[in-house]
Amino acid sequence: MATPGQPGVVPTGTGGGVPAQGQAGSPQGRFGPPPGEIAAAPTGATSTATTPPAGVTPPPAPPAARWRGALERLRRAKRTAPGRLRLSLAVLLVLVLGFGALTGWQVTGRTQAADQVLTHSQPLSQNAAEIYRSLADADTTAAAGFLLAGNEPREVRERYQSDLTTAAQLLTQAAAQSTGSPGAQSLISQLNQQLPVYSGLVETARANDRLGLPLGAAYLRYASDLMQKQVLPLAKQLSDAELQRLDRDYTAAQTTPWAAYLLGLLTLLVLLWFQVMLRRRTNRVLNPGLVGATAAVLASLLWLLAGASAADSALADSRQHGATPLKALNTARTATLQARTAENLDLVARGSTDAYANQWNDNVKADTGALATAAQLAPPGAAASIHAAQDQLGVWTHRHDGAVRDNTAGDYQGAVNSTVGNGDSSSQPAFEATDRDLAKAAEVERAAFASAAGTGRDATGTVAWAAGLLALLAAAGLLRGIGQRLAEYR
């Protein structure tokens, strides 16, 4: 029978054996000796460190030696419970603060892209469409004024001049807002060069017509040919370029923040794992600081998920009920104007060509299809105006057929009156009503876009600063929770 003092024998008391160091029942567990207990140093150990002479500065250690020293200190820290706690604290702080920083960065990028959609790319694409519409309307109005000759109303002349002024102003705005796009700048420059040429040809046509010279009609057809074959295609390219920019900004604004989601989930799982391990080693159910840190990370992750989801929904709504219907409506409006131009120029040509009659048929067919698409995509507030425009297009087409019959029968003046006059049988009021109804629908769709896009931008406005604040709160919880555990070893 062994006696106390024999090697390898552990004395026992009335309470049974004392658990050996490191066993599951030990209060130290993986995190070292109980508080207040200090491991004894090996006997006979001597220090081998040497102290340099007074006044002599030792040479700096090389980088490799410094790295080896840091790794050695890290290995030594992992052998003690306080060291392991400090390392755990460092890792958790990096995860928590990194999650907050990454969330703020990704959300800020999304918010800026959504702001670009709302305040830059969509208005710019709409301005490009308005440039196209103003130029097409100027061509239509110039032809109408030419047909009326000396009876041209003042408002027709003013509308033509207003169209050119509007186009010039919008081109100036587009040039200022497209400094980062060389392609758009080139198109704007070419449009600015062509506008004076076109207006000069129109003025020459008007001057010859006032003199009664048939050369005026040739100049007007040449001006319209320049508009249809050079100016409007350039405006169409500009509009397409701005629509592509709008699509890119929409894509950036709706990018899923996968990196933030994954890092947040990883941080949450590591926090839960650490608390479970700490509970097993200390037999303590809850650590208020760590619970608070976990709650802060969870709140930040849910806030991010809710904000991104709300933003995606609002931006999708702005696209479905704003940007996309506006694109279809702009197509319908330009088709309407081009049909009107072809109708007027067919009378200016006086039967010398059937090209304008064919253009009328093609444009009316395109306008009918574009209006059907616009009506299908339109939000409720714009649908009524588009349906009214469809009805007016039917009236216009019917009256146009009557003018064609008059012209075919040799009644040219009657055909002119049925096209640009203000009588009940003229197509002019029907054309104006069609254009007016489409303009009303466009206003509704622009308002729908601005409202939904603004909501999409603002949905993530609070996420960035909330993520930063919650990350700091989580870090404070970690410092408190693990700091309390470290204090037990002092």
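Before any of the text, the structure's been laid out above.
For clarity, every value in this text was computed on a predicted model and none was experimentally measured. (Residues numbered from 1 in each chain as written. Predicted model: local features only at pLDDT ≥ 70, side-chain atom pairs only at ≥ 80, totals over all residues. Heavy atoms only, no water.)

1. Focus on the layout of surface pockets
Rule in force here: For each structure, a 1 Å grid was placed over the protein atoms alone; sets of points admitting a 1.4 Å probe that cannot get out are labelled cavities, open sets with protein on both sides within 12 Å along at least five of seven lines are labelled pockets, and lining residues have an atom within 4 Å of a point. Grid points are joined across faces, edges and corners, and a volume is the space filled by probe spheres set on the points. Helix numbers and strand numbers start at the N terminus; a helix is a DSSP run of H or I with at least 4 residues, a strand a run of E with at least 2. Under this grouping Gly is polar, as are all residues other than the nonpolar Ala, Val, Leu, Ile, Met, Phe, Trp, Tyr, Cys and Pro and the charged Asp, Glu, Lys and Arg.
Considering only enclosed or pocket space, the largest pocket measures out at about 470 Å³ in volume. Around the largest pocket sit 22 residues that line it, and Ser 239, Leu 243, Lys 327, Asn 330 and Thr 331 are the ones nearest its centre. If one sorts the elements of the lining of the largest pocket by residue count, helix α7 (residues 288-349) sits on top with 10 residues. When its residues are assigned to classes, the lining of the largest pocket shows eight nonpolar, nine polar and five charged. A volume near 360 Å³ is recorded for the second largest pocket. Around the second largest pocket, the lining comprises 16 residues; the ones closest to its centre are Phe 146, Leu 147, Ala 149, Arg 350 and Tyr 412. Counting only elements with at least two residues in the lining of the second largest pocket, the list comes to α2 (81-148), α7 and α10 (412-420). The element best represented in the lining of the second largest pocket is α10, accounting for four residues. Of the residues belonging to the lining of the second largest pocket, the class tally is 11 nonpolar, three polar and two charged.

2. Topic: unusual backbone geometry
Despite not being glycine, Arg 350 has its phi angle at roughly 55°, a positive value. With respect to the helices, strands and loops of the structure, Arg 350 is situated in the loop between α7 and α8 (355-377).

3. Digging into the pattern of salt bridges
Counted only if it meets this: Any carboxyl oxygen of Asp or Glu that lies within 4 Å of a side-chain nitrogen of Lys or Arg is treated as forming a salt bridge with it. Only protein chains enter the accessibility calculation, which uses a 1.4 Å probe; a residue whose area is less than 20% of its type maximum is buried, one above 50% is exposed, and one in between is partly exposed.
In total, this model carries 17 salt bridges according to the counting rule given. Note that Asp 247 and Arg 319 form a salt bridge whose closest N and O atoms lie 2.9 Å from each other. Of this pair, Asp 247 sits in helix α5 (residues 215-253) while Arg 319 is found in helix α7, placing the two residues 72 residues apart along the sequence. On the basis of relative accessible area, Asp 247 is assigned to the partly exposed category, the value being 38%. Residues participating in the shared-partner salt-bridge network are Glu 152, Arg 157, Glu 203 and Arg 206.

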